[in-house]
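# Tertiary structure, described
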Amino acid sequence: MSDVEVPESHPRYEQLLTRHRIEDGVEQGITSPQGLIAEGRGEAFDYLLGERTTESADRAERAAAAHLLLADHPVISVNGNVAALCPEAVIELAEVVGADLEVNIFNRTDERVHAIADHLRDHGAGEVKGETADARIPGLDSERAKVDADGIYDADVVLVPLEDGDRAEALGAMGKTEIVIDLNPLSRSPRMAAVPIVDNIMRAVPNIIDHARDLRDAPREELERIVAEFDREAALADAERAIREGGSAGESMLDGE
Ligand code: PTJ
């Protein structure tokens, strides 16, 4: 995806690739320049987490998959960072759980909304919402309030990766179930979420896809049990502990350390 050659043997290969994707996103007019700052912030938290999916985050990702499968109308919200980082993965997740994809950005220009929607379609997405913006999320002054009436406005479950807390709060007030992916467990959006996922989006979305595939044929009662047993407070506390204790926190690596 990036023109910049990063040798796969480099110890920070994944992180360097991620950086280049964001850089390319800015160059293509998909990602806001502020996305570079968000990326730096995320990298710092990921470094402290040990750049791994903790067991606790894995449980959150399984609960997210169960919520998305149970939903009547799930929507995946896509901003400039998400579109640059993992377009294929969000498209695949939308297909697996039957969700809509909707472009929703903080630093909104019509040009960037269309560029992100085109970018998703170039990567194989069917319908992409967010270009109509014929409804507003009540109680939100920012441009993020602009949503599609038949998209986020109508959704019962919304996956909102990498964003600030205002919209998370306003969506919660509308009674929607929110799943937030954010590497900072102290940030307002994961603290508002029914399912806070403290993990890098590059690992989180593929893992939600794996769980969704695994649970796709499970009885409704099992999905409801996974949702009911998920403890959001514990997930936030586990993540904060893992970061403060340098990624140990009594947790094992998922990817086979
Ligand atoms: O495209 P736009 O206009 O909607 O703008 C998108 C950004 C991300 C620039 C905007 O929403 C923003 O400024 O967000 P914040 O307030 O910087 O918050 C982004 C959060 O995402 C921070 O808490 C970061 O730690 C976190 N983050 C950054 N990269 C990743 C991440 N979380 C998970 N995976 C990442 N790769």
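Just above sits the structure.
The residue count restarts for each chain, going from 1 along the sequence in the order it is written. Only residues with pLDDT of at least 70 are given local features in this predicted model, and only at 80 or more are side-chain atom pairs given and counted; all residues enter the totals for whole chains, interfaces and linings. Computation of side-chain values covers all heavy atoms of the structure but excludes hydrogens and water.

To continue, consider the overall build of the chain. A tally of helices and strands in the chain yields 11 helices and 8 strands. Based on C-alpha atoms, the radius of gyration is set beside the globule rule, defined as 2.2 Å times the residue count to the power 0.38. Over its C-alpha atoms the chain spans a radius of gyration of 17 Å, differing by no more than 12% from the 18 Å that the globule rule assigns to 257 residues. On the principal axes, the C-alpha backbone points of the chain span a range of 50 × 50 × 35 Å. Of the accessible surface of the chain, which amounts to about 11,500 Å², a share of 47% is contributed by carbon and sulfur atoms. The positive charge centre, built from 26 side chains, and the negative charge centre, built from 55, are 4 Å apart in the chain. Each helix corresponds to a stretch of at least 4 residues labelled H or I by DSSP, and each strand to a stretch of at least 2 residues labelled E; elements are numbered beginning at the N terminus. Only the protein chains shown count as covering a residue, and every accessible area follows the Shrake-Rupley method with a 1.4 Å probe. Positive: Lys, Arg. Negative: Asp, Glu. His and the chain ends are not part of the count. We put the charge of a Lys on NZ, of an Arg on CZ, of an Asp on CG and of a Glu on CD.

Moving on, we come to the site of the ligand. For this description, a residue counts as near a given molecule or strand if any of its non-hydrogen atoms is within 4 Å of it. By nearness alone, 23 residues border the ligand, and Arg41, Gly80, Phe106, Arg112 and Asp182 come closest of all. Calculation on the ligand without its partners gives an accessible area of 740 Å², and the protein chains cover 95% of this total. Every element with two or more residues in the shell around the ligand is listed here: α2 (34–49) and α4 (80–85). Among the residues making up the shell around the ligand, the classes are represented as 7 nonpolar, 9 polar and 7 charged. Each residue gets one of three labels, nonpolar for Ala, Val, Leu, Ile, Met, Phe, Trp, Tyr, Cys and Pro, charged for Asp, Glu, Lys and Arg, and polar for the others, Gly among them.

Right, let's talk about the packing of helix α3 (residues 55–70) against helix α10 (residues 220–229) for a bit. At a minimum axis separation of 9 Å, α3 and α10 run at an interaxial angle of 135°. The orientation of α3 with respect to α10, classified from their angle, is oblique. The interaxial crossing formed by α3 with α10 has left-handed handedness. Residue-level inspection shows Arg62, Ala63, Ala66, His67, Leu69 and Leu70 of α3 in contact with α10, the latter providing Arg220, Glu222, Leu223, Glu224, Ile226 and Val227. For the contact of α3 with α10, a count of residues per class yields 7 nonpolar, 1 polar and 4 charged. For helices, the axis comes from a line fit to the C-alpha atoms of the stretch in contact; other axes are also lines fit to C-alpha atoms, and the angle between any two N-to-C directions lies between 0 and 180 degrees. Any angle between 65 and 115 degrees counts as roughly perpendicular, while under 35 counts as roughly parallel, over 145 as roughly antiparallel, and the rest as oblique. Handedness of a crossing is defined here by the sense of rotation of the near helix relative to the far one, left-handed for an anticlockwise turn of less than a right angle and right-handed for a clockwise turn. Any pair of residues with heavy atoms lying within 4.5 Å of one another is described as a contacting pair.

A few words on the sheet that holds strand β6 (residues 157–161). In this analysis, strands are considered paired if DSSP registers two or more bridges between them. Strand order in the open sheet formed by 6 strands is β3-β2-β1-β6-β7-β8, with parallel pairing between adjacent strands. Across the chains shown, the open sheet's two edge strands, defined by having one partner strand only, are β3 (128–129) and β8 (195–197). Note that strand β2 (residues 100–103) and β3 share 2 bridges and pair parallel. Among the inter-strand pairings, Glu102 is bridged to a residue of β3, identified as Lys129. Here α3 sits on the sheet in contact with β1 (74–78), β6, β7 (177–181) and β8, set at roughly 135° to β8. On the sheet, helix α5 (residues 87–97) packs against β1, β2 and β6 and is oriented at approximately 175° with respect to β1.

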